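Close look at the chain arrangement
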Amino acid sequence: MPVIAPARVLVHPNRIEPNLIITIAQPSGFAQGLGGKKLRQLLSDNDKVVYQNHVDVRTAVAAQQAAANVLPSATITLDYIQTLTYLIRTRQDYNELDVADAGEYNVALPAAYRLAARQGINQFIRAAFIYGVNASNSEGIINTPNATAVTLPPDTFGDTTLRTYDAGQLAIWFNAQIQAALQSMFRLGMPGRAVLLGPQRIIGTLQWQDIVQVTSYQRPGAGTATTGQVVSKISDENDVTIDWAYDDTLIGKGAGGTDAVLLLVPEAVVPSIPGINTNEFAKLSPTTDAMILQYTNVAAPIEITTPIPEGLDVVSMQRITSGWAPRSNAVNILSLPY
Amino acid sequence: MSTISFNPTLTTNISGGFVLSTEGYVQGVFLDDPSMRTQLEGGQVGSGVSQPLWGGLAVALNVQAVGANAQGSTVVPATSAGTIDGWTLFNQGMAGIITPSSTVPLYAAGASINFARNGSLLRIAVAVENTTILNALASAAANVALYWDPTNLCITNSSSSNYALPSNTQLLALSATSKTVTYSGGNATWNATGPAAIIRI
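Below you will find a few notes about this structure. Sequence order as written defines the numbering, with residues in each chain counted from 1. Here chains are named by letter from A upward and ligands by number from 1 upward, in the order in which they appear as written. For this predicted model, a pLDDT threshold of at least 70 governs which residues receive local features, and a threshold of 80 or more governs which side-chain atom pairs are given and counted, while totals over whole chains, interfaces and linings are taken from all residues. Side-chain numbers come from the whole structure's heavy atoms, not from hydrogens or water.

1. Points about the overall build of chain A
Runs of H or I in DSSP of at least four residues are treated as helices and runs of E of at least two as strands, each being numbered from the N terminus. A count of helical and extended segments in chain A gives five helices and eleven strands. Two things to know: the radius of gyration comes from C-alpha atoms, and the globule rule equals 2.2 Å times the number of residues to the power 0.38. Taking 20 Å as the expected radius of gyration for a compact globule of 338 residues, we find that chain A reaches 26 Å, considerably beyond that expectation. Principal-axis analysis of the C-alpha atoms places the extent of chain A at approximately 100 × 60 × 35 Å. Burial statistics for chain A: of 338 residues in total, 43% are counted as buried. Summarising the internal contacts of chain A: among those between residues at least 6 apart in sequence, 74% fall at separations of at least 24. Reported accessibility uses the Shrake-Rupley method at a 1.4 Å probe radius. Residues are deemed covered only where the shown protein chains occlude them. Carbon and sulfur atoms make up 57% of the accessible area of chain A, which totals about 18100 Å². Think of it in three bands: with a 1.4 Å probe and only protein chains considered, a residue is buried below 20% of the maximum accessible area for its type, exposed above 50%, and partly exposed in between. Contacts were defined at the residue level, with two residues in contact if any of their heavy atoms lie within 4.5 Å.

Set out below in structure tokens:
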């Protein structure tokens, strides 16, 4: 796309402030939801599909006081899963006249074009993570097959929206969702991290406004803490860190047009117990603790700069996958009416 | 003629990634036994078979054309009690095809498939129709009458429109948390906690 750096009508004498006013876009917190908080940089430039192998086992033993010889067997089954990769590309053409015109506004055009290309690519990576490049093919975290989807039920006073909900009951509801997610992964009692990725108006209300009301009986945070603080504090006391992350594209993306909040458990430390471990098979390696994945080939887009007649052509590109949760337990889609 | 479908674009994930216990069996395998393992035979899925085969199915084992013996018996689904000659098995059958959407090895028409004949005395894991029948079979005698359900492709205790298994079939063990096969829309997938039985054939 071109640059529009038109001629200005100015009155003399004047003073032009040297600093620019730049449009601020929301810096999405989506990457908090990735295992290790970053994209897995494992792709080659040309890889079209990512596969991951899956090993499962069923075990059986015989137990008698003396030895018999007809014994059962363990059976190991192997299969695999897949997600597609997409090459994101964008192009800028410019010449020294464009650079000079933008320079009249104190804008370094090559740098502005580079950052613009990266912003476009990064915003697409965010969309691919949450919603998938092709939603109908189960791409994107919000389309994870078999993910848990929960809608906020009315509180005991019949309030159904976040702004009217009883703050203490809301905290307990969030804690219940976190417990359910960790419980389904046998993670209770183990240190870890959970991410609540949602719109600012939801997460912000939890953090700033929803002060737990004082009641005739004592409850956590009554009169002193917000829903968000109660959730964080109780999780901290259970060795689970809550990362609050913001992305306003989730407004209206929940069930029935409600706001979606994604409760993600990005890393699965393989649960184990010292001594006799009934999860011994999971010691098989190599394995990864990353539960929520998005792949890339480069840490920042590749730039290919080519001289063209009277100027330069810059193509920026990066290959990625959509957000991918090989184990659906890591993804919980909470729908909250605002 | 059966073929195996392939969806190249669908993003998939695993099911049953967290289970309480792994105790159980996997449909379509025989339990390891150093003296019996040589009973495992190889054959070829019949050219007229309309749906791919997998392990743990009751099949007829037909003789090949004169002189065409190298590929073993022709394996086709059993069509009556009298045609249950043996059972398909996954053991060593690594030529079975899986895709990300269809994670159970499938053997299409013309494919090599392994099986065991009745009378081989192998102990094989087969799917049971449902947990109600599984529970009804608990405490049964080893020679309890068992039937092959040709629609749901599993064993059952009801004779209604099903095929009786050979009378020397013995029921050895039952499990409600085994891996069984679900076939739908051209895809065969593992059910992580299905009902299964060990039978000696």
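2. Things to note about the side chain of Thr156(B)
Residues and elements named next belong to chain B. Position of Thr156 relative to the elements: it lies in strand E10 (residues 154–156). Polar contacts involving the side chain of Thr156 include one to the main-chain amide nitrogen of Ser158, which spans 3.4 Å. Not counting the four nearest positions on each side in its chain, Thr156 is found in contact with Glu129, Ile133, Leu146, Tyr147, Asp149 and Asn162. Throughout this description, a polar contact denotes any pair of N or O atoms lying within 3.5 Å of each other; where both atoms belong to protein, one of them has to be capable of donating a hydrogen while the other can accept it, and for residues adjacent in sequence the pair is counted only when both atoms sit in side chains.

3. Comments concerning the pattern of salt bridges
All names here are of chain A. Should a side-chain nitrogen of Lys or Arg be within 4 Å of a carboxyl oxygen of Asp or Glu, the pair is scored as a salt bridge. Evaluated as defined, the whole model comprises 13 salt bridges over all chains. Two residues, Arg201 and Asp259, come together in a salt bridge whose shortest N-O distance is 2.7 Å. Separated by 58 residues along the polypeptide, Arg201 in helix H4 (residues 200–209) and Asp259 in strand E7 (residues 259–264) bring together distant segments of the chain. On the accessibility criterion, Arg201 (31% relative accessible area) is partly exposed. The shortest N-O distance in the salt bridge between Glu237 and Lys233 comes to 3.6 Å. Placement of both Glu237 and Lys233 in helix H5 (residues 227–237) is noted, with a separation of four residues, approximately one turn of the helix.

4. Quick notes on the sheet that holds strand E13 (residues 187–200) of chain B
Residues and elements named next belong to chain B. Strand pairing is assigned whenever DSSP detects at least two bridges linking the two strands. With antiparallel pairing, the three strands of this open sheet are ordered in space as E8-E13-E12. The sheet terminates laterally at strand E8 (123–127) and strand E12 (170–184), the two strands that pair on one side only. The sheet shows a mean angle of 30 degrees between the axes of neighbouring strands, taken without regard to direction. As judged from the eleven bridges shared by E12 and E13, these two strands associate in the antiparallel manner. Paired with Ser178 across the bridge in E13 is Gly194. With axes taken as lines fitted to C-alpha atoms, and helix axes fitted only over the stretch in contact, angles between N-to-C directions fall between 0 and 180 degrees.

5. Notes on the packing of helix H3 (residues 167–184) of chain A against H5(A)
How two helices pack is summed up by the angle between their axes together with the distance between the axes. Residues and elements named next belong to chain A. Closest axis-to-axis distance for the H3/H5 pair is 9 Å, and the angle between their directions is 40 degrees. Relative to H5, the element H3 is oriented oblique. The handedness of the crossing between H3 and H5 comes out as right-handed. Judged by residue contacts, Ala167, Leu170, Ala171, Phe174, Asn175 and Ile178 of H3 engage Thr227, Val230, Val231, Ile234 and Ser235 from H5. In this classification, the charged set is Asp, Glu, Lys and Arg, the nonpolar set is Ala, Val, Leu, Ile, Met, Phe, Trp, Tyr, Cys and Pro, and all remaining amino acids, among them Gly, are polar. A per-class count over the contact of H3 with H5 returns eight nonpolar, three polar and no charged. By definition in this entry, angles of less than 35 degrees are roughly parallel, angles greater than 145 are roughly antiparallel, angles of 65 to 115 are roughly perpendicular, and the rest are oblique. Each crossing gets its handedness from the near helix: less than a right angle anticlockwise from the far helix is left-handed, clockwise is right-handed.

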